[in-house]
Amino acid sequence: MERSGRILAEKNAPLSTRVTAIVAVEAVDRFAIPLEMNEILVLGLGFVGEYISQLASLDSISWKATTTTGRLNTIKFVLESSPVDVLPLSKTIVITFPINNPELLTTFLDKYSSLHSVQSASLNVILFGTTSAFANPGFNDRNSSITPSPRTPAEDAILKLAIANGVKLNTSVIHLAGLYDNKIRKPLDWVKRIDSKNKLAEKSTLHLIHGWDIARVILRIHGLWTSSTSEANTFESGQRWILTDLRVYDWWELALKCKSPLDLWVLELMREGNVRVLPRSGLNEISKVLDSRELWDKLQIVPEMHL
């Protein structure tokens, strides 16, 4: 009422004065409206990011994504050099690429949090790792010791960020098994690259996770961290998790699906090693096996995709 009264009172003023007054009022109103909160921000669209964006769209969850070039109508953003203010205010940030500099990561999160003044709500950050960090013979779960890599310091840093500049951070490192789908990353194509019987003999276990199931896990975590129901905060922050499709594959069994000479090499190796059936039963003892049950159980969903 105050705004309309002020404009009506100026109807008798010159046209230029009335236009200036209206524009000024609209400008004030525009800045008074809170910025729309984006749900998910994917830093690095890539293979996994495309599945996350597709599933988010299907579930009517708002999302934005970055690439280093701005392709596919994404935000052009390079972590080392781009200003943070090009990124939208978002509830959950998913970082899909490796970061070897922990200070780069923590500085980015400090700037992002300060820019958007998110002191009143949690900021959720998920960083992807790789299951190659778990290299112990036999079974490995998320609590097993890891083999340090250039990525480890940044992973450790994000897990320790319980409080940063007064902003509550939910953080998680998700260690992904071999990424695959049925279009771009086909496991049988990897098998076909094995060019000798000796190289095939060295192959043991393989762990996989489909891009679709990764997206389902990410959206489920996002939902738990942002829920206003009793589910809120049921997914523990500051933890490492292993993500596979709950299966362990035998390279020899996959090679048996290929044409000669791979299939015949498998037969020869089975005879030479007195292996009577596939998959090989002794692999669990001599090779690493990844146990990702705890993550799926925590989220109360199961994988939908497998070979």
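Keep in mind it's a predicted model, so treat the numbers as computed, not measured.

Here is what the cut-offs are and how they apply
Residues numbered from 1 in each chain as written. Predicted model: local features only at pLDDT ≥ 70, side-chain atom pairs only at ≥ 80, totals over all residues. Heavy atoms only, no water. Core = buried A, V, L, I, M, F, W, Y, C linked by side-chain atoms within 4.5 Å. Buried < 20%, exposed > 50% of the residue type's maximum accessible area, 1.4 Å probe, protein only. Helix = DSSP H or I, 4+ residues; strand = E, 2+ residues; numbered from the N terminus. Contact = heavy atoms within 4.5 Å. Salt bridge = Lys/Arg side-chain N within 4 Å of Asp/Glu carboxyl O. Phe/Tyr/Trp six-rings, centres within 6.5 Å; stacked < 30°, edge-to-face > 60°.

> Before we move on, can you summarise the nonpolar core with the specific residues and values?
The biggest cluster of nonpolar side chains holds 34 residues, and the ones touching the most others in it are Ile-52, Phe-128, Ile-214 and Leu-243. Mapped onto this core, the elements with two or more residues apiece are strand S1 (38-43), helix H3 (46-58), strand S5 (123-130), strand S8 (167-176), helix H8 (211-226), strand S12 (239-243) and helix H12 (293-299). Top element by residues in this core is H8. It accounts for eight residues. Here Ile-52 is in contact with Ile-40, Val-42, Val-94, Phe-128, Ala-215, Ile-218 and Leu-219, once residues within four sequence places are set aside. Ranked by size, the runner-up nonpolar core spans 23 residues in total, among them Leu-79, Val-84, Ile-95 and Leu-109.

> Which residues make up the pattern of salt bridges, and what values do they have?
Pairs can form between side chains of opposite charge whenever their charged atoms are close. Throughout the structure, instances matching the rule amount to twelve salt bridges. A salt bridge links Glu-155 to Arg-240; the shortest N-O distance between them is 2.7 Å. Here Glu-155, found in helix H5 (residues 152-159), pairs with Arg-240, found in strand S12; they are 85 residues apart in sequence, far enough to count as distant. Accessibility expressed as a relative area gives 4% for Glu-155, which makes it buried. Among the ionic contacts, a cluster of salt bridges with common partners joins Glu-155, Asp-156 and Arg-240.

> A description of the packing of aromatic side chains should follow, citing residues and the corresponding values.
Applying the stated criterion across every chain yields a total of five aromatic pairs. Summarising the aromatic geometry, the rings of Phe-47 and Tyr-51 are spaced 5.5 Å apart at their centres and angled 65° between planes, so their arrangement reads as edge-to-face. Residue Phe-47 and its partner Tyr-51 are both found in helix H3; the two are separated by four residues, about one turn of the helix. The buried category is assigned to Tyr-51, whose relative accessible area is 9%. Ring centres 6.0 Å apart and planes at 40° place the aromatic pair Phe-108 and Tyr-112 in the tilted group. Here the residue Phe-108 and the residue Tyr-112 both occupy positions in helix H4 (residues 102-116), the gap between them amounting to four residues, near one helical turn. Neither residue differs from the other here; Phe-108 and Tyr-112 are each classed as buried. A connected cluster of aromatic rings, assembled from ring pairs, spans Phe-77, Phe-108 and Tyr-112.

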